[in-house]
Amino acid sequence: MEVSISEKEGAKSLDVITLNVNGEVHQLVVEPQWTLQYVLTDKLGLTGTKEFCAEGACGACSVILDGHPVLSCMMLAIECDGGTIETIEGIARANHPLIDAYVKYSCMQCGFCTPGFIVTAKALLDRNPDPTLDEIKEAMVGNLCRCGTYPAHLRAITEAAAVLRGVVSAQGTPASAEGGAGHE
Amino acid sequence: MSEPPRKSDVWQEMLDSFDNKIADPHPLRNYEVIGKRGVRRNDGVEKATGAARYTIDVQLPGMLFARFLTSPYPHADIVGMDTSEAEKMPGVRCVLRYDDPDLAEGVAVSGHELNAVLALPGGAKFQGEECGAFVVADSEEIAENALKTIKVEWAQRPFLLDVEKALEPGAPLTHPHEFPDSNMSMVYNENHGDVEKGFAEADKILEFKWSFGYNTWVGPERPCGVWRWNGDFAEVWVKQQRPHIAKRAISTWFGGIPMCKIDLHCPYQGASFGGWSQMSWNLAGTHLAGLASKRTGRPVKWAFNRREDFYGGNMDAGVFYVKVGYKLDGTITAVSQRAVTCNQDMAVFGIVAHLIENTKIPHIAGRTEAAWVNKGPTVPTRCEMNINCYTLNLVFNHVADALGMNPVTISLLNDGAEGRDMEWLNERKAEIGFPPRDSLKACVDKGKAAIGWDEKWHAPGAKTLAGGRMHGMAFTWTHEWDDSGGTSEIGMYFERNDASVTILGCRADVGVNAETAYCQIAADELGVPLESVRFKHQEDAGFYTMTPDTSTNLAINGWAVKSAARLLKQRLLEVAVQVRGRTQLAEYPSAFPGLQPEDLDVKDGVIFEKADPSNSMSIADFIGPGGANGPVSGTAGEPFFTSQEEGLAYPMRGTPPIFEAAWHIQRGCYLGVRLRFCRQAYFMEVEVDTETGQVDVLKVVTVNDVGKVINWDGCEGQAYGGAIMGIGRGMTEEVVWDPRTGVMLNGNLLNYRIPTMMDYGEIETIMVETQMGYGPYGSIGIGEDVATVLPALIGPAVQNAIGIWIDDFPITPDRVLAALGKA
């Protein structure tokens, strides 16, 4: 059980919540104002969930809560009591085809926002296994990348979707998609 | 064992490349992975899986968290402060104050040089500046709450936000401590030829004014740092693009810390594109964390919040007055420009440098007046060449428009260098070993074809689309650059057991995929598989590379990697033919007896005799294990341990450590040190909604002559990523202050809008490889170019659409409507 230092000193009221994170059940003592993002990164050590804007504007802290993508910086941990959460670490452990596709198409530069993109894309593919490019853009528009890696994501998500549908193998021919890579 | 081959041809090769003012004199003839498509990036899995660690992710047992007090006023001194309530709060472990005796003197906290700056100043020159107090607590939240209890008595001073008003006679001083005489820190003049003569020779003169708003880097990872004392060893994690400068500064703190007692970590960097790393104060938090860590006995992490990442901005902010003389055929005879720039910490990069370096315009003058107002400092943020690129772009496009000519034609007509024409430039190329290729023409031809320039370009305001939207096309160009001077040091060795290769060289990874590129160079030079090479860049191992800024990754570090790999290969082959040693009990014979190093070569990780490739041995077998798993002999000299390994053809190894180090010196490109040969050309197609002022970028074509592509993902990523950043800078990004209070109004990502996935059209990136770069194999930097050149292209594109110049950037819908008389 996680117990905050401030609880020991009696400074704050506390709540006990249960979270199923990547298949593991955690009972946690949390303060009511703690965000889900803070609990995941600072209490559970799952630092793949990133804080970029800290106010619901960038998608870097995206996680999947009970099947829906949410911004964990905008969720209070106590709101998630009893919830099932999937973070980038869980998606990676499951060897989701998005991971390989993101590496293959070099979708990351500084990489800080990358996990949030993959989480959002995974939620998209969960509900729409064959998205069009416009549907991908619509789903991903809330994820910001300052390095400007966007064109590569379209290719990777399209290919991962095809792998999931069994249209191409993980090592198969690249799915065609618009993107930034011109060729001389 | 003989000494390393310090007098060898390989050693001479390294010396030959110093200064790199000539074409690579020792190119590699056969590329296996250099320039190959589909090379997977080294950091890909780490970053995709969330395993990549940044300084902000560091969590240590017992770690405390620190936050700064910030100023609510744009200009104020602290005359009194009561921190007693904060100090009594549960969970608060330490409060550092501006009047702490240990903080009375300036310390070296700069991202550039060893300066002397107060780590915790007693006042602020802009709203939001960190000053007064540094609260250290069990959590960020407790520190934040404690800050709210601090009672500060402020003495407000007058403030100014407008750079031109700051230079008016009698203007109140905006930075009275730093600049007590006026609000101008310096004047920087550039003169080439005689502009008055040039204007006299012109058929026509045109003048215009342009401006660029204050924009900033928006680093995804907040500025932060971590300090832990391990006894008298300092362990420090930095978000800093220049770890070698950080360590040098840290060694001067707290009475001096020997360099060997500093363990520096430079984890992955949530990029700030130069920006934050360049600030003259950016190690202050780390210094204070070190002091607090000493006092509390616990590790301390400090961090800004998101708003505080808007600490400073890009040094393109300012107001610019241009005068151009030109002939009726499009030949430009003279350009002069006066700039009033905003809070430039380094006003020495010029405003007309690209015109001088890149054209045959004979008479050019620039005057930069570096004014200071009550906003944060501005520094190179991808990059210091912004103003130079915008200037070249706007000069050429204004002249083309005035003459009714195609801007591509005008550009090709004026291409050259330092006032000389292309014929002269081609002679210089030949002199120093470059192929005399016409880089600009190659770029233009490819770009025109990709965007359909000849079919689509039209006179300004001449094409209205269905629905009333206006269509616009624009073109700009300049040279490629890798500007910094500096040195790079690289260590490289074969690992025991499997002969994989480790490259040592502490540097910040900002995501440009440079580490993969260096591994590609090492793999090809050594003749080993790419998968067996790793650049271990995050830990300080005593080798300092050049920083990722100024596009100099490859242009300096690439040379050092190449040289280190060649030395390492030479060393390997020398050891391979030598008797490696004799003891009382045994002899460790040569692996290739009777041969010379030059008789051998390496491919796919196997050493072989050139004349008889069947005489071969893998490097792994040759090197073998070390330590207690190394060669062991019985009393009769019989090797009995390693020889028993199954399948091992060569039991007695006993090889020395096979390690080499190399370095490179580059004096930099600024101020005419060397001529520029590689060009870049950009094309843009837009639509303008004349009812709403909305500008949609339909297509961008970027053509970069990178000399030689080493890593495709790196080159293309910098190009399309830079295009997207450039679109944001040119169209939406501007920090806004309330003119009445001096308070920043949009220090967040909701109101300071960077581009999303739906804010750009098609982006086509094209690479040209003329091999006219000064880097290894003829390569040249690309990291900063596109994001720097592209923003101001929005202006000519909109002008081509609506027929009206808007020279105030960013070009937001309200500015478009104002130009159309609809605001």
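## Some thoughts on the overall build of chain A
Line of reasoning, step 1. Within chain A, the regular secondary structure consists of seven helices and five strands.
Line of reasoning, step 2. What you see in chain A, going N to C, is helices and strands ordered as α-β-β-α-β-β-β-α-α-α-α-α.
Line of reasoning, step 3. Taken across its 184 residues, chain A has 58% of its residues classed as buried.
Line of reasoning, step 4. Once local pairs closer than 6 in sequence are excluded, the contacts in chain A between residues at least 24 apart make up 60%.

## Thoughts on the domain arrangement of chain A
When the parts of a complex come together, some accessible area is lost, and that lost area is often taken as the interface size.
Residue and element names in this part refer to chain A.
Line of reasoning, step 1. Per the domain assignment, the segments making up chain A are domain 1 (5-90) and domain 2 (92-165).
Line of reasoning, step 2. Spacing between the C-alpha centres of domain 1 and domain 2 amounts to 23 Å.
Line of reasoning, step 3. The partner domain 2 presents 16 residues to the 18 residues of domain 1 that form the contact.
Line of reasoning, step 4. Listing elements by their share of the side of domain 1 that touches domain 2, those giving two or more residues are strand S3 (62-65), strand S4 (68-71) and helix H3 (88-93).
Line of reasoning, step 5. When the residues that make up the side of domain 1 that touches domain 2 are grouped by side-chain class, the tally is eight nonpolar, eight polar and two charged.

## Focus on the packing of helix H5 (residues 114-127) of chain A against helix H6 (residues 133-140) of chain A
All names here are of chain A.
Line of reasoning, step 1. With their axes 10 Å apart at the nearest point, H5 and H6 run at an angle of 130 degrees to one another. By the criterion of interaxial angle, the relationship of H5 to H6 is oblique. By crossing handedness, the relation of H5 to H6 is classed as right-handed. Contacts from Phe117, Thr120, Ala121 and Leu124 in H5 reach Ile136, Ala139 and Met140 in H6.
Line of reasoning, step 2. Split into classes, the residues belonging to the contact of H5 with H6 amount to six nonpolar, one polar and no charged.

## Quick look at the pairing of strand S26 (residues 612-618) of chain B
Line of reasoning, step 1. Looking at chain direction, strand S25 (residues 606-609) of chain B and S26(B) are connected through four bridges and run antiparallel. Looking across to S26(B), one finds that Ile607(B) is bridged to Met617(B).

## Observations regarding the interface of chain A and chain B
Line of reasoning, step 1. Contact with chain A, which involves 46 residues of that partner, is made by 54 residues of chain B.
Line of reasoning, step 2. Of all the elements in the fold, those that place two or more residues in the side of chain A that touches chain B are helix H1 (5-8), H3, helix H4 (97-104), H5, H6 and helix H7 (150-165) of chain A.
Line of reasoning, step 3. Among the elements that take part in the side of chain A that touches chain B, H4(A) stands out by supplying four residues, more than any other.
Line of reasoning, step 4. Its residues assigned to classes, the side of chain A that touches chain B comprises 26 nonpolar, twelve polar and eight charged.

## Observations concerning unusual backbone geometry
Residues and elements named next belong to chain B.
Line of reasoning, step 1. At the junction of Arg382 and Cys383, the peptide bond is cis and its omega measures out at 10 degrees in the coordinates.
Line of reasoning, step 2. By the element assignment, Cys383 lies in the loop between strand S17 (378-379) and helix H11 (386-403).
Line of reasoning, step 3. Residues Phe809 and Pro810 are joined by a peptide bond in cis, for which omega reads 0 degrees.
Line of reasoning, step 4. If you check the backbone angles, Phe254 has positive phi at about 55 degrees while not being a glycine.
Line of reasoning, step 5. Among the secondary structure elements, Phe254 is positioned in the loop between helix H7 (243-250) and strand S11 (262-265).
Line of reasoning, step 6. Looking at Phe254, the number of C-beta atoms within 10 Å reads 15, which means it is partly exposed.

## What about the pairing of strand S6 (residues 151-156) of chain B?
Residues and elements named next belong to chain B.
Line of reasoning, step 1. Of all six residues making up S6, only zero are buried, and the element is barely covered by its neighbours.
Line of reasoning, step 2. For strand S2 (residues 76-82) and S6, the ladder comprises six bridges, and the chain directions are antiparallel. By the bridge assignment for S6, Ile78 is matched with Trp154.

## A look at the sheet that holds S2(B)
Line of reasoning, step 1. The three strands lie next to each other as S4-S2-S6 (chain B), forming an open sheet whose pairing is antiparallel. Sheet topology places strand S4 (123-124) and S6 of chain B at the edges, where each strand pairs with a single neighbour.

## Notes on H11(B)
Residues and elements named next belong to chain B.
Line of reasoning, step 1. In this model, H11 (18 residues) spans 26 Å end to end at C-alpha, consistent with the 26 Å of a helix rising 1.5 Å per residue.
Line of reasoning, step 2. Summarising burial for H11: 15 of the 18 residues are buried, a large majority.
Line of reasoning, step 3. Just past H11, the residue Gly404 takes up positive phi, approximately 65 degrees.

## Focus: the domain arrangement of chain B
Line of reasoning, step 1. The domain boundaries assigned to chain B delineate domain 1 (9-52 + 484-666), domain 2 (61-157 + 245-255 + 263-304) and domain 3 (314-483 + 669-819).
Line of reasoning, step 2. Contacts between the two partners involve ten residues from domain 1 of chain B, matched on the other side by ten residues from domain 2 of chain B.

## What to know about the confidence of the model for chain A
Line of reasoning, step 1. In this model, chain A carries a mean pLDDT of 90, and residues with pLDDT of at least 70 account for 86%.
Line of reasoning, step 2. Counting contacts from residues 175-184 of chain A, a segment whose pLDDT is below 50, to residues more than four positions away or on other chains yields 30 contacts.

## Considerations on the packing of H5(A) against H7(A)
All names here are of chain A.
Line of reasoning, step 1. Two elements in contact, H5 and H7, have axes separated by 11 Å at closest approach and are oriented at 40 degrees. Taken together, the axes of H5 and H7 are oblique relative to one another. Seen along the crossing, H5 lies across H7 with a hand that is right-handed. Side by side, H5 and H7 meet where Phe117, Ala121 and Leu125 of the first sit next to His153, Ile157, Ala160, Ala161 and Leu164 of the second.
Line of reasoning, step 2. Broken down by class, the residue content of the contact of H5 with H7 amounts to seven nonpolar, one polar and no charged.

## Digging into the environment of Ala442(B)
Residue and element names in this part refer to chain B.
Line of reasoning, step 1. On the secondary structure map, Ala442 appears in helix H14 (residues 439-451).
Line of reasoning, step 2. Given 19 C-beta atoms within a 10 Å radius, Ala442 is considered partly exposed.
Line of reasoning, step 3. With 146 residues separating them along the chain, Ala442 and Thr296 place their C-alpha atoms 62 Å apart.
Line of reasoning, step 4. Residues contacting Ala442, with those up to four places away along its chain left out, are Arg437, Asp705, Val768 and Thr770.

## Quick look at the sheet that holds strand S1 (residues 64-70) of chain B
All names here are of chain B.
Line of reasoning, step 1. In spatial order, the strands read S3-S5-S1-S12-S9-S10-S11; together these seven strands make up an open sheet with mixed pairing. This sheet does not close on itself; its edge strands, each paired only once, are strand S3 (92-97) and S11. Across this sheet, the average inter-strand angle for adjacent strands is 20 degrees, counted without regard to direction.
Line of reasoning, step 2. Sheet analysis places S1 next to strand S5 (residues 130-137), joined by five bridges and oriented antiparallel. Note that in S5 the partner of Thr70 across the bridge is Glu130.

## What about the nonpolar core?
Line of reasoning, step 1. Judged by nonpolar contacts, the single largest core of 312 residues is most densely connected at Tyr102(A), Ala66(B), Val135(B), Leu288(B), Ala522(B) and Val798(B).
Line of reasoning, step 2. The element best represented in this core is helix H17 (residues 553-577) of chain B, accounting for 14 residues.
Line of reasoning, step 3. Every residue in contact with Ala66(B), bar those within four places of it in the chain, is listed here: Phe134(B), Val135(B), Val136(B), Ala143(B), Leu288(B), Ala289(B), Ala292(B), Val300(B), Lys301(B) and Trp302(B).

Thresholds applied
- Residues numbered from 1 in each chain as written.
- Chains lettered and ligands numbered in written order.
- Predicted model: local features only at pLDDT ≥ 70, side-chain atom pairs only at ≥ 80, totals over all residues.
- Helix = DSSP H or I, 4+ residues; strand = E, 2+ residues; numbered from the N terminus.
- Buried ≥ 20, exposed ≤ 12 C-beta atoms within 10 Å, placed from the backbone.
- Contact = placed C-beta atoms within 7 Å.
- Domains from an automatic or database assignment.
- Nonpolar A, V, L, I, M, F, W, Y, C, P; charged D, E, K, R; others polar.
- Axes fitted to C-alpha atoms, helices over the stretch in contact; angles between N-to-C directions.
- Parallel < 35°, antiparallel > 145°, perpendicular 65-115°, else oblique.
- Left-handed = near helix turned anticlockwise from the far one by under 90°.
- Pairing = 2+ DSSP bridges.
- Expected span 1.5 Å × (residues − 1).
- pLDDT = per-residue confidence, 0-100.
- Core = buried A, V, L, I, M, F, W, Y, C linked by C-beta atoms within 7 Å.

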